[in-house]
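Geometric and topological summary
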Amino acid sequence: MFGLTAIEVFLVIVAIFIVVYWITPQKFSWLPFLLVTVLFAVLAFNITPYDSDDLSRYFKALNEMRVEGYDGLQRYIREDQFDFDTYRVAAYYVYFLSKLSNNHWLPFTTMFIVYGLGFYCIYKASVRFNVNKIHLFLASMFFISTYWYYDTVSGTRNGLAFAVAFACSYQHLVERKHFILCYIGYVLAALTHSAGILPVLLVIVTELTLNTSGKFLNFVFVFSISGGGVLIRYLSEVSDNDFIQSMAGKAENHGLGDSLETGTMFRVNITVLLIVTILLIYVSYYFLNSDYTSSLKRLYKYASSTVYFMIGCMLSGLIFVRFARWILPLIGALLFMIGMQIQRNQINKEGLTKLTYYSPTKQSIRIKTRSAAYIIYVAYTAVHFWYLCNGSSLYWIMF
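Computed from a prediction, not measured in an experiment: that's the story for all the values here.

**Structural notes on the overall build of the protein**
- Along the backbone of the protein there are 21 helices and zero strands.
- Scored against the burial criterion, the 399 residues of the protein give a buried share of 55%.
- A separation threshold of at least 6 residues defines the contact pool for the protein, and within that pool the share at least 24 residues apart is 78%.

Printed below as a string of structure tokens:
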């Protein structure tokens, strides 16, 4: 494209986003988000997938459904290819896109939805919590840097299910609007891919334990994955439900120890979890002691539940990786920009000296270390962006 490699086009898109963002007035900050979403989708449209990518198999399905029409869709469901007999939403998603003349509209649509929903959550939070331009920018760059672009393109259903689930979670827990649409979104996510049920279950856990805390609950989260695996296997033995059987198959294929990774990619995912966990601890004071207590308490609970769940499923490779690559980037972005903005508001209102020397110890420590918090967040974003372009799956992207 334009004589550039795919990775070079990705870098140009990010550069365009940065320039447009800083020349756009704050009240129109949605414009650079829309622009970068479209550009990422256009890049996906022009990608040539590898034969080993799921996307190549979806291209084959698109070609066959385009020829066979609705009968082709029914054949795929009947033969349970891609588990379409259980995950009908994914089946109809591919079928409807087969009506378009070019297979590449599939990755275009997927990436438009995924990045559109991600930036929607970031933008809505920036408006709701009056986040300034610098905090919004740093959060956006963290999202871009730590989100695994090519994994989403090549896998299609995984990233799509997680994006829909998280967007509905944000709308449900923070904005507290359009609940019916959120419930519909949860169902769509769960019926798009087997992994889609996990972020939805975390929303349920968040609601049920909103006013509960303590070491015992954290212990339960840490070991939830093994207990969940036992429960799923038991249900598969006493039930012939297709959804349960599909979940049991995934649990068996990716159970404790079976898919443990030790390579660089896995270690990078560990560092993302570490950074988000440190950030969660740092901003906890502001999330639990602010004028937005109700909505921020729900978001904080969801974030902490996700972190503890990920610690519990660290040995279950694919589950851990999916959350690290598709949920943590958005959680990290929201925690930083909201928490640091509340801190900035308090400094502007009460003064730096008063907060540093006369505020409660927990707040005073955070004020004294705020420069370090900025440096760590920015430095990690930059390092991960370098890794994204030089070591992650994005390195394999090609036209």
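**Focus on helix α18 (residues 328–350)**
- Taking 1.5 Å per residue, 23 residues should reach 33 Å; α18 reaches 32 Å between its end C-alpha atoms and fits that length.
- Most of α18 sits out of view: 18 of its 23 residues are buried.
- Positive backbone phi, approximately 95°, marks Gly351, located one or two places after α18.

**Examining the confidence of the model for the protein**
- On average, residues of the protein score 86 in pLDDT, and 86% of them are at 70 or above.
- The weakest mean pLDDT in the protein belongs to helix α14 (residues 242–253) at 47; the strongest belongs to helix α7 (residues 133–146) at 97.
- For the stretch residues 228–236, pLDDT sits under 50, and the model shows seven contacts to residues farther than four places along the chain or on other chains.

**Side note on the nonpolar core**
- With 123 residues, the main nonpolar core has Phe10, Phe84, Tyr149 and Ile338 as its most contacted residues.
- Contact partners of Tyr149, with chain neighbours within four places excluded, come to Phe10, Phe40, Leu43, Ala44, Ile47, Met111, Tyr115, Leu394 and Ile397.

**Let's talk about unusual backbone geometry**
- The backbone of Asp83 sits at a positive phi, close to 60°, despite the residue not being glycine.
- Mapped onto the fold, Asp83 is located in the loop between α4 (70–78) and α5 (88–97).
- Under the relative-accessibility criterion, Asp83 is labelled partly exposed at 23%.
- The phi torsion at Arg176 lies on the positive side, around 60°, for a residue other than glycine.
- Along the polypeptide, Arg176 turns up in the loop between α9 (157–175) and α10 (179–190).

**Details of the pattern of salt bridges**
- Applying the stated criterion across every chain, the model contains nine salt bridges.
- Between Asp151 and Arg325 there is a salt bridge, with its nearest N and O atoms 2.5 Å apart. Taken together, the residues Asp151 in helix α8 (residues 149–155) and Arg325 in helix α17 (residues 317–326) connect sequence positions 174 residues apart. Grouping residues by exposure puts Asp151 and Arg325 together as buried.
- By sharing partners, the salt bridges in this structure join Lys60, Glu64, Glu68, Arg75 and Glu79 into a single network.

**Looking at helix α3 (residues 54–68)**
- Compared with an ideal rise of 1.5 Å per residue, which puts 15 residues at 21 Å, α3 spans 21 Å between its outermost C-alpha atoms and is within 8% of the ideal.
- Buried positions along α3 lie against α4, α5, α6 (105–128), α8 and α9.
- Of the residues trailing α3, Gly69 is marked for its positive phi of about 70°.

**Considerations on the packing of helix α15 (residues 264–288) against helix α21 (residues 370–390)**
- Relative orientation of the contacting elements α15 and α21 amounts to 160°, with a least axis distance of 12 Å. By the criterion of interaxial angle, the relationship of α15 to α21 is roughly antiparallel. Every pair of crossing elements has a handedness; the one defined by α15 and α21 is left-handed. Here Thr264, Met265, Val268, Thr271, Val272, Ile275, Leu279 and Tyr282 of α15 lie close against α21, whose contacting residues are Arg370, Ala373, Ile376, Tyr377, Tyr380, His384 and Tyr387.
- Split by residue class, the contact of α15 with α21 holds 11 nonpolar, three polar and one charged.

**Observations regarding the packing of aromatic side chains**
- As enumerated under the stated definition, the model contains 41 aromatic pairs in all.
- With a centroid separation of 6.4 Å and 25° between ring planes, the pair formed by Phe10 and Phe385 is classed as stacked. Of the two residues, Phe10 is situated in helix α1 (residues 6–23) and Phe385 in helix α21; the sequence distance between them amounts to 375 residues.
- Relative accessible area serves as the criterion here: at 0%, Phe10 is assigned to the buried category.
- For Phe385, a relative accessible area of 19% puts it in the buried group.
- Their ring planes at 25° and their centres at 6.0 Å tell us that Phe17 and Phe33 sit as a pair that is stacked. Of the two residues, Phe17 sits in helix α1 while Phe33 sits in helix α2 (residues 30–45), which places them 16 residues apart along the sequence.

Analysis parameters
- Residues numbered from 1 in each chain as written.
- Predicted model: local features only at pLDDT ≥ 70, side-chain atom pairs only at ≥ 80, totals over all residues.
- Heavy atoms only, no water.
- Helix = DSSP H or I, 4+ residues; strand = E, 2+ residues; numbered from the N terminus.
- Buried < 20%, exposed > 50% of the residue type's maximum accessible area, 1.4 Å probe, protein only.
- Contact = heavy atoms within 4.5 Å.
- Expected span 1.5 Å × (residues − 1).
- pLDDT = per-residue confidence, 0-100.
- Core = buried A, V, L, I, M, F, W, Y, C linked by side-chain atoms within 4.5 Å.
- Salt bridge = Lys/Arg side-chain N within 4 Å of Asp/Glu carboxyl O.
- Axes fitted to C-alpha atoms, helices over the stretch in contact; angles between N-to-C directions.
- Parallel < 35°, antiparallel > 145°, perpendicular 65-115°, else oblique.
- Left-handed = near helix turned anticlockwise from the far one by under 90°.
- Nonpolar A, V, L, I, M, F, W, Y, C, P; charged D, E, K, R; others polar.
- Phe/Tyr/Trp six-rings, centres within 6.5 Å; stacked < 30°, edge-to-face > 60°.

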